[in-house]
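Now for the letters of each chain:
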Amino acid sequence: MSLIEFDNVSREFKIANIEKGAAGTIKSLFHREYIIKKAVDDISFHIESGEVVGYIGANGAGKSTTIKLLSGILYPTKGQVRVDGISPYKKRKQNASQIGVVFGQRSQLFWDLPFGDTLNLYKKMYNIPDDIYKKNYRYFVELLDMQEFINQPARQLSLGQKMKANIMVSMLHDPKILYLDEPTIGLDVVTKRKLRECIKEINQDKKTTIILTTHDMNDIEAVCSRLILIDKGKKLFDGSMDMFRETYAAGLEFVLEFSDICPAWTDMEGFRLAGVEELKWKIVYKGDVKESSVLCTRLIEKYHPVNIWVGVPSIENIVADYYSKPSIV
């Protein structure tokens, strides 16, 4: 039996369809019509203990609804959700004792309380034994480098410090599963790197199963070994990162840098201009496989860049291209 079982799950919402204007508002008081929206549409996946899974999709794809189904906040309209053998929404307290949740745009901290007092409060809420509390306290303070602000109130903490504090609060009771929703949003590159390293270390040291939802593909590449891609409530891909690259990263990616002004782009067979940033072009080659030196020569002869780089497409670009294809499920 897998630690997380998500079998043919759908979740529908009834949304009131109210006509515009005062007449529509009055009409809705006596007769209201509804639109049925499927936020999650017949999705299935199993996650084993100790896995680190990236769960990604565009805004409105169904990521947050999935996390709410797994955490017991919502119940499925159809299908079955089981976390460590129990139904999350039927046994919410039991489920809460074995999961930790971190939302990048929401905080579990108390605004005016020193963070040390917040930890003591969560210790009592989760009824954490003294030995486990002391062990985890020492572990996370050292891992997340929190010595300098452990006794500061939440209102005085930086965004990065708050995220570290939220991770510690979520892991204080030794949960089997950690749900991370945009944990690096708004953070600088140094803090992002540190948090990614900490997430990997938590998984390795404590064997914690982690589901990471994010729009930052660098988070996914740095932390996850498996990727689940969804769009409009449907699952599009589920497999290893290597499988995703091997299957969908056909072609090469070029970056051209210019000295003072970018020339005008003209279509070239097999090449696509994927992005423009200041004096740099990002170009994707999707034609027949050829030696990269030949392709570089063609680009140099036509556009005369001062520098050129070549490599395989990034996960971000692979995902963007994949969204443009029809669902395989």
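Quick look at the structure, then. Source: prediction; values computed, not measured.

Quick word on the packing of aromatic side chains
Argument step 1. According to the stated counting rule, one finds 14 aromatic pairs in the structure shown.
Argument step 2. With centroids separated by 5.8 Å and ring planes inclined at 45 degrees, the aromatic side chains of Tyr75 and Tyr89 adopt a geometry described as tilted. On the criterion of sequence distance, the pair formed by Tyr75 in the loop between helix H2 (63-71) and strand E4 (78-83) and Tyr89 in the loop between E4 and helix H3 (92-96) is long-range, its members being 14 residues apart.
Argument step 3. For Tyr75, a relative accessible area of 46% translates into the label partly exposed.
Argument step 4. What makes Tyr89 partly exposed here is its relative accessible area of 35%.
Argument step 5. Linked through ring pairs, Phe258, Trp265, Trp281 and Tyr303 together constitute an aromatic cluster.

Looking at the pattern of salt bridges
Two side chains that carry opposite charge are able to pair once their charged atoms sit near each other.
Argument step 1. The tally for this structure, following the rule as stated, stands at 14 salt bridges.
Argument step 2. The salt bridge partner of Arg196 is Asp216, with a shortest N-O separation of 3.4 Å. Here the residue Arg196 occupies a position in helix H7 (residues 189-206), and Asp216 occupies one in the loop between strand E7 (209-213) and helix H8 (217-223), the gap between them amounting to 20 residues.
Argument step 3. For Asp216, a relative accessible area of 15% gives the class buried.
Argument step 4. With its nearest N and O atoms 2.9 Å apart, the salt bridge here joins Arg226 to Asp238. Placement of the pair is Arg226 in strand E8 (residues 226-231) and Asp238 in strand E9 (residues 234-240), with a sequence separation of 12 residues.
Argument step 5. A network of salt bridges, in which partner residues are shared, links Glu51, Arg226, Lys235 and Asp238.

Observations regarding the sheet that holds E4
Argument step 1. Reading across from one edge, E2-E1-E4 is the order of the 3 strands in this open sheet, with antiparallel pairing throughout. Of all the strands in the sheet, the pair left with one neighbour each is strand E2 (33-47) and E4. In this sheet, neighbouring strand axes are inclined to one another by 30 degrees on average, regardless of whether the strands run parallel or antiparallel.
Argument step 2. As paired elements, strand E1 (residues 4-17) and E2 share 11 bridges and run antiparallel to each other.

Re the side chain of Lys235
Argument step 1. With respect to the element layout, Lys235 can be found in strand E9.
Argument step 2. The exposure class of Lys235 is buried, given its relative accessible area of 18%.
Argument step 3. Looking at Lys235, its side chain comes within polar contact range of the main-chain oxygen of Ser44, at 2.7 Å.

Rules behind the numbers
- Residues numbered from 1 in each chain as written.
- Predicted model: local features only at pLDDT ≥ 70, side-chain atom pairs only at ≥ 80, totals over all residues.
- Heavy atoms only, no water.
- Phe/Tyr/Trp six-rings, centres within 6.5 Å; stacked < 30°, edge-to-face > 60°.
- Helix = DSSP H or I, 4+ residues; strand = E, 2+ residues; numbered from the N terminus.
- Buried < 20%, exposed > 50% of the residue type's maximum accessible area, 1.4 Å probe, protein only.
- Salt bridge = Lys/Arg side-chain N within 4 Å of Asp/Glu carboxyl O.
- Pairing = 2+ DSSP bridges.
- Axes fitted to C-alpha atoms, helices over the stretch in contact; angles between N-to-C directions.
- Polar contact = N/O pair within 3.5 Å; in protein donor to acceptor, adjacent residues only side chain to side chain.

No statement about biological role is implied by the geometric values presented.
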